[in-house]
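Here is what each chain is made of, one letter per residue.
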Amino acid sequence: MALEFKVLKESTECSARLGQIKTPHGVIETPVFMPVGTQATVKAMTPEEVRDLGAQIILSNTYHLYLRPGHKLIEEAGGLHKFMNWHKPILTDSGGFQVFSLNDLRKITEDGVEFRSHIDGSTHFISPEKSIEIQNSLGADIIMCFDECTPYPADYEYVKESMERTSRWAKRCKDYHENWDKQALFGIVQGGMYKDLREKSVKDILDIGFPGYAIGGLSVGEPLELMCEMLDFTTPMLPKDKPRYLMGVGTPDYLFEAVIRGIDMADCVLPTRIARNGTVMTSQGRLTIRNAEYKNDFNKLDPECDCYTCTNYTRAYIRHLFNVNEILGARLATIHNLYFLLKLMGNIREAIRQDRLMEYREEFYKKYGYIK
RNA sequence: GUGGAUAUGGCCUAGUUGGUUAAGGCGCCAGAUUGUGGCUCUGGAGAUCAUGGGUUCGAAUCCCAUUAUCCACC
């Protein structure tokens, strides 16, 4: 098997656990945050930089790489790892999120999804089998079942049909996938915000059986409390000896709350995207570095940070770079945000090890400004 | 010196035959961003329409003068 998961320690105060995932490209310490490199690159970063920031695994995207440069080309290049010179683990998303995000450019049928390319309008058809075929060519360590990420809000009947189709698609994905020794295929639980549908989805996906399980369809605009409620309900139904991956989560509070509820993996474009638009996360909360108040501020972004950006550059300089639209601004902010979140996850792992996660969360929330 | 043209928020402009709270872009200020989308999106502030006078029920729009700038000529 391509994946081995081991729980090293369970928290006595909550459902958090410390673990280890072994993949063909190395070991991942969990809970882990996975930076997103949609188009075979974490935007603005070299793979070496991403590695040095502490990333253990990155996520890339089936839909985008299928469109450009094409999965066959990447296969010809020797696979995604070699193509992009990233030799640690990779996870590819199945294209399922694009079923959600390209809402007005796609048509869902039982067989699969017809997409109109967001690039040139050309039509493409991705079925569960096609998604697996593409992901096999890309060669990521962990690949995902082709699903539909249902929107929020959505009515019961729609979510039910969607979830049941996702279950049928999961079976097809598993049947089609072959090289289990190199690539672990994860199943995805859906069901929107309806508990009975979540329960049914978990049952379906567990019946099919996968080396890891993802929870999809959360973090799609619902309030944090609702996501927590769904996690409280869903996560305990997932087996303890398999990794649990919450898709699309990337703010510190969502990450804390997810880990506390037993999540081992999460990914999000947020830290890199907001960095490109001039927002950084600091130990004292978010700040928009473009703002005038930083014009003459010669301190580092975060007084407690020791990343490359913070040890070398000031707020005033980074603000200047954004104001004159220089690429370096995006790079420095991305370096900082990724480092911040990866370090946070490291601290969370350490807190679990010391069995003081709740205390650490309290400290962090107070400083960050989530609670007063 | 003579002739001509232009003067609209910090900058560049739109304002149709004079008619409600002068429009837009850039810049400025602030916010957003959650398994897509690197120069994105959403708000906001800011103009007594060069100055003075006149015509008119009503003028950024018409007339006169002044000032400034630009062009051509002597």
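See the structure printed just above.
Reading guide: rules and limits
Residues numbered from 1 in each chain as written. Chains lettered and ligands numbered in written order. Predicted model: local features only at pLDDT ≥ 70, side-chain atom pairs only at ≥ 80, totals over all residues. Heavy atoms only, no water. 1 Å grid on protein atoms, 1.4 Å probe; cavity = no way out; pocket = protein on both sides within 12 Å on 5 of 7 lines; lining within 4 Å. Points joined across faces, edges and corners; volume = space filled by probe spheres on them. Helix = DSSP H or I, 4+ residues; strand = E, 2+ residues; numbered from the N terminus. Nonpolar A, V, L, I, M, F, W, Y, C, P; charged D, E, K, R; others polar. Core = buried A, V, L, I, M, F, W, Y, C linked by side-chain atoms within 4.5 Å. Buried < 20%, exposed > 50% of the residue type's maximum accessible area, 1.4 Å probe, protein only. Contact = heavy atoms within 4.5 Å. Pairing = 2+ DSSP bridges. Axes fitted to C-alpha atoms, helices over the stretch in contact; angles between N-to-C directions. Near = heavy atom within 4 Å. Polar contact = N/O pair within 3.5 Å; in protein donor to acceptor, adjacent residues only side chain to side chain.

A look at the layout of surface pockets
Point 1. Of the volumes computed, that of the largest pocket is approximately 850 Å³.
Point 2. Lining of the largest pocket is provided by 38 residues; of these, Phe97, Gly248, Asp267, Val269 and Arg273 occupy positions nearest its centre.
Point 3. Contributions of two or more residues to the lining of the largest pocket are made by strand S5 (58–61), helix H5 (96–101), strand S14 (265–268) and helix H11 (270–276).
Point 4. Among the elements that make up the lining of the largest pocket, the one with the highest residue count is H5 (five residues).
Point 5. For the second largest pocket, the calculated volume is near 290 Å³.
Point 6. Contributing elements (two or more residues each) for the lining of the second largest pocket: helix H14 (327–353) and helix H15 (357–368).
Point 7. Top contributing element to the lining of the second largest pocket by residue count: H14, with five residues.
Point 8. For the lining of the second largest pocket, a count of residues per class yields six nonpolar, two polar and five charged.

Things to note about the nonpolar core
Point 1. Grouped together as the largest cluster of nonpolar side chains are 99 residues, with contacts concentrated most on Leu246, Ile348 and Leu357.
Point 2. For this core, the element with the most residues is H14, which contributes 13 residues.
Point 3. Look past the residues within four positions of Ile348 in its chain and what remains in contact with it is Phe256, Val259, Leu357 and Tyr360.
Point 4. Of all hydrophobic cores here, the second largest spans 20 residues; its members include Ala2, Leu3, Met34 and Met265.

A look at the pairing of strand S1 (residues 4–10)
Looking along a regular strand, one sees side chains alternate from face to face of the sheet.
Point 1. Note: S1 against strand S2 (residues 17–23), six bridges, orientation antiparallel. Looking at the pairing, Phe5 lines up with Ile21 of S2.
Point 2. Here S1 folds back onto S2, and the loop between the two strands holds six residues.

Quick notes on helix H13 (residues 315–323)
Point 1. Within the sequence span of H13, burial applies to Arg315, Ala316, Ile318, Arg319, Leu321 and Phe322.
Point 2. On the buried face of H13, the contacting elements are H11, strand S16 (285–288), helix H12 (308–312) and H14.
Point 3. Positive backbone phi, at 60 degrees, marks Asn325, one or two positions downstream of H13.

Description of the sheet that holds S2
Point 1. Taken together, three strands build an open sheet; the order of strands is S1-S2-S3 and the sheet is antiparallel. Only two strands of the sheet have a single partner each, and these edge strands are S1 and strand S3 (26–30). Going from strand to strand, the sheet's axes swing by 15 degrees on average, the running direction of each strand aside.
Point 2. Packed onto the sheet, H14 meets S1, S2 and S3 and runs at close to 120 degrees relative to S2.

Section: the protein's contact with RNA strand B
Point 1. In the vicinity of RNA strand B, 39 residues are found, and the nearest of them are Phe97, Cys149, Ser219, Gly248 and Arg273.
Point 2. In RNA strand B, atoms within 4 Å of the protein come 58% from sugar and phosphate.
Point 3. The side chain of Asp147 places a nitrogen or oxygen atom 3.1 Å from a base nitrogen of RNA strand B.
Point 4. Listed by contribution, the elements that provide at least two residues to the surface near RNA strand B are S5, H5, S14, H11 and S16.
Point 5. Per element, the largest residue contribution to the surface near RNA strand B is four residues, and it comes from H11.

Brief notes about the environment of His124
Point 1. Looking at where His124 falls in the secondary structure, it is placed in strand S9 (residues 123–126).
Point 2. For the pair His124 and Asp104, spaced 20 residues apart in sequence, the C-alpha to C-alpha distance is 14 Å.
Point 3. Setting aside residues no more than four positions away along its own chain, His124 makes contact with Tyr66, Leu67, Val113, Glu114, Phe115 and Ser117.
Point 4. There is a polar contact of 2.9 Å between the side chain of His124 and the side chain of Ser122.

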